[in-house]
Structure formats: C-alpha cells, structure tokens
Amino acid sequence: MVIKKVDLECVVGVSTKVLPQNGQPEIAFAGRSNVGKSSLINALMNRRNYARVSETPGKTQTINFYHINEEFYFVDLPGYGYAKVSKDFKASWGKMIERYLHSSKDLRAIFLLLDMRRTPSPDDLQMYDWLRGNGYTPYVIVTKADKLKKTQREKALQEIRDTLISRAPLREGEELIMQPFSAKDKSGREEIYEIIDSLLST
Ligand SMILES: Nc1nc2c(ncn2[C@@H]2O[C@H](COP(=O)(O)OP(=O)(O)OP(=O)(O)O)[C@@H](O)[C@H]2O)c(=O)[nH]1
Ligand SMILES: [Mg+2]
C-alpha cells in the first residue's frame with residue numbers, strides 16, 4: 001500500500017441531511033474520544049496533521065471522508081464517550097454515527113480503536129457488540145503502544161482480548177484481529193497497510 005493522493009472530500013455534521021454515496025470502499029475508524037483515530041489516519045496517510053489531532057478530547061465532531069488514491073475512503077468518526085458535550089448534542093452525535101454505519105453501502109470494514117492502557121469501556125463494548133452483531137469482522141487496533149513498556153504490552157493485549165472474547169464466543173472461522181499501533185514511532189503501520197490491502201482486494 002502506497003498512499004499517493006489524499007483529499008478531504010466530504011464532511012458530514014449533525015445537521016447534514018444527505019450522506020455521501022461514494023461508490024468506492026470505505027474503511028471507518030471508530031473509538032472513544034482521544035483514543036487516536038485521527039492520529040492513526042494521519043500516520044497511514046503520511047501527513048502530520050491533515051486529520052486534526054488534539055489533546056482535548058472531542059476534536060473530531062464531524063464525519064470526515066478522506067479520499068485515498070482516488071480508490072477508497074478513510075472515514076474518521078467522532079469519538080464517543082466525551083463527557084463535556086451536552087446531552088442533546090451527544091444524542092444527535094450518536095445518531096449521526098449510527099445513521100452512517102447503518103446506511104453506508106460502501107462500508108467495507110470498521111477498525112475499532114482501543115487504548116492499550118485501558119480496560120475497554122461500556123461504550124467500547126457496545127461498539128464491539130454492534131460490529132459483531134452486524135456481521136463485521138472485528139479489526140481492533142490497540143493504540144498508544146509506545147506508552148507501555150515492551151514487557152507490559154503482552155499482558156495488556158491479553159486482558160483486552162479476554163474482555164472482548166468474554167462478550168460472546170467467536171463463531172466458527174471467525175477471528176479477532178488485534179493489531180498494536182503507535183502513532184509516535186509508527187510501529188504496527190505496515191501490518192495495518194497489509195490489512196487494508198487485503199480488505200481492498202476482496
Ligand atoms: N504517545 C502517543 N500519543 C498518541 C498516540 N495516538 C494519539 N496520541 C495522542 O492522543 C491525543 C488524541 O489523539 P487524536 O488522534 O486526536 O484522537 P481521536 O481519537 O481522533 O479523538 P477525537 O477526535 O476527540 O475523537 C493527541 O494528543 C495525540 O497526539 C500514540 O500512538 N502514542
Ligand atoms: Mg479525531
């Protein structure tokens with residue numbers, strides 16, 4: 001996977017009525033606010049801050065469609081679990097994400113991002129259950145790997161895996177793909193490119 005061309009082609013907000021019908025495969029990035037969705041997208045696109053990144057959670061408040069190589073889309077979703085927005089806004093925000101996930105005809109895969117240092121939250125688990133319930137293979141990207149020492153990483157990954165597996169046993173032939181990643185040192189990026197290549201070739 002070599003990303004040559006990147007265009008922020010479409011931005012969808014809570015009041016946007018019509019969602020784009022892109023006609024090309026979409027890969028969406030979901031996860032709680034601040035987990036590193038925009039940072040991962042930047043790393044994959046090889047851009048420093050094309051997708052806006054911030055230490056303040058709730059940076060991405062719209063659904064942003066990045067057209068890649070004129071072949072497919074990365075979809076940067078607003079993070080959930082961000083406490084500092086009003087109840088009303090939270091509700092319409094949730095609906096916006098849900099509407100997109102339910103109505104996109106081109107959604108090829110959803111990457112669920114989880115922070116390596118944290119136990120998955122109820123929102124994370126709800127997202128994970130939704131993915132599986134709707135027939136999506138769970139591609140879990142475990143972010144901020146650089147924040148843990150190498151010796152702690154295996155244990156952290158195992159704990160996250162156990163928590164996810166305990167939700168519902170995997171069906172026959174179903175896999176739980178977990179890929180550690182760091183936006184700081186870019187470890188895991190090649191493996192994620194490979195996942196994307198294989199998703200696009202099917
Ligand atoms: N050390 C480290 N910091 C990271 C990593 N990924 C993201 N961050 C930092 O975490 C903060 C949030 O990153 P974002 O990429 O904006 O997170 P987001 O998931 O897009 O957040 P929302 O847009 O609010 O949903 C920023 O300060 C990033 O620099 C990582 O792999 N390692
Ligand atoms: Mg973001």
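This is a predicted model, so every value here is computed, not measured. (Residues numbered from 1 in each chain as written. Chains lettered and ligands numbered in written order. Predicted model: local features only at pLDDT ≥ 70, side-chain atom pairs only at ≥ 80, totals over all residues.)

Chemist: I tried to follow the site of ligand 1 on my own but got confused; where do I start?
Modeler: Among the 24 residues in the neighbourhood of ligand 1, the closest are listed as Gly36, Ser38, Ser39, Thr60 and Gly79. No other element matches helix α1 (residues 37-45), which puts 3 residues into the shell around ligand 1. Classifying every residue of the shell around ligand 1 gives 5 nonpolar, 12 polar and 7 charged. (Near = placed C-beta within 6 Å. Helix = DSSP H or I, 4+ residues; strand = E, 2+ residues; numbered from the N terminus. Nonpolar A, V, L, I, M, F, W, Y, C, P; charged D, E, K, R; others polar.)

Chemist: Could you clarify how one ought to interpret the sheet that holds strand β6 (residues 139-143) in this entry?
Modeler: Pairing between the strands of a sheet comes from backbone hydrogen bonds, and it takes one of two forms, parallel or antiparallel. Strand order in this open sheet of 7 strands is β1-β3-β4-β2-β5-β6-β7, and the pairing throughout is mixed. The outermost strands of the open sheet, each flanked by one partner alone, are β1 (6-12) and β7 (177-180). Taking the axes of each pair of neighbouring strands and ignoring which way they run, one obtains an average angle of 25° across the sheet. Sitting on the sheet, helix α3 (residues 122-133) is in contact with β2 (26-31) and β5 (107-115), with an inclination near 155° to β5. The strands touched by helix α5 (residues 189-200) are β2, β4 (72-76), β5, β6 and β7; relative to β7, the strand with the most contacts, the crossing angle is about 145°. (Pairing = 2+ DSSP bridges. Axes fitted to C-alpha atoms, helices over the stretch in contact; angles between N-to-C directions. Contact = placed C-beta atoms within 7 Å.)

Chemist: What is the right way to look at the pairing of β2 in this model?
Modeler: In regular strands, side chains alternate between the two faces of the sheet. Counting buried positions over the 6 residues of β2 gives 6, a clear majority of the element. Here β2 shows a buried face lined by Glu26, Ala28 and Ala30 and a second buried face lined by Ile27, Phe29 and Gly31. Bridge analysis of β2 against β4 gives 4 bridges, and the strand direction is parallel. For Phe29, the partnering residue across the bridge sits in β4 and is Asp76. Relative to β5, β2 runs parallel, the two sharing 6 bridges. When the bridges of β5 are listed, Ile27 appears paired with Ala109. (Buried ≥ 20, exposed ≤ 12 C-beta atoms within 10 Å, placed from the backbone.)

Chemist: Explain the confidence of the model for the protein chain here, please?
Modeler: Detail in the predicted coordinates should be disregarded across regions flagged by low pLDDT. For the protein chain, mean pLDDT is 91; residues scoring 70 or higher make up 99% of the total. Within the protein chain, no element has a lower average pLDDT than helix α2 (residues 87-103), which sits at 82, and none a higher one than β6, at 98. (pLDDT = per-residue confidence, 0-100.)

Chemist: Could you clarify how one ought to interpret the pairing of β4 in this entry?
Modeler: Counting buried positions along β4 yields 4 of 5 residues, so the element is predominantly enclosed. Linking strand β3 (residues 63-68) back to β4 in an antiparallel pair, the connection comprises 3 residues, with Asn69 at a positive phi of about 50°.

Chemist: What is the right way to read the nonpolar core from this model?
Modeler: In summary, soluble globular proteins display a tendency toward joint burial of nonpolar side chains. Judged by nonpolar contacts, the single largest core of 44 residues is most densely connected at Phe29, Leu40, Phe74, Val75, Phe111, Leu112 and Leu113. Here the element with the most residues in this core is β5; it accounts for 6 residues. Ignoring any residue separated from it by four or fewer positions in sequence, one finds Phe111 in contact with Ile27, Phe29, Tyr139 and Ile141. (Core = buried A, V, L, I, M, F, W, Y, C linked by C-beta atoms within 7 Å.)

Chemist: I'm lost on unusual backbone geometry in this one. Help?
Modeler: For residues that are not glycine, phi is negative in most cases, and the peptide bond is trans in most cases. Even without glycine at this site, Asn34 takes up a positive phi of about 80°. Tracing the chain through its elements places Asn34 in the loop between β2 and α1.

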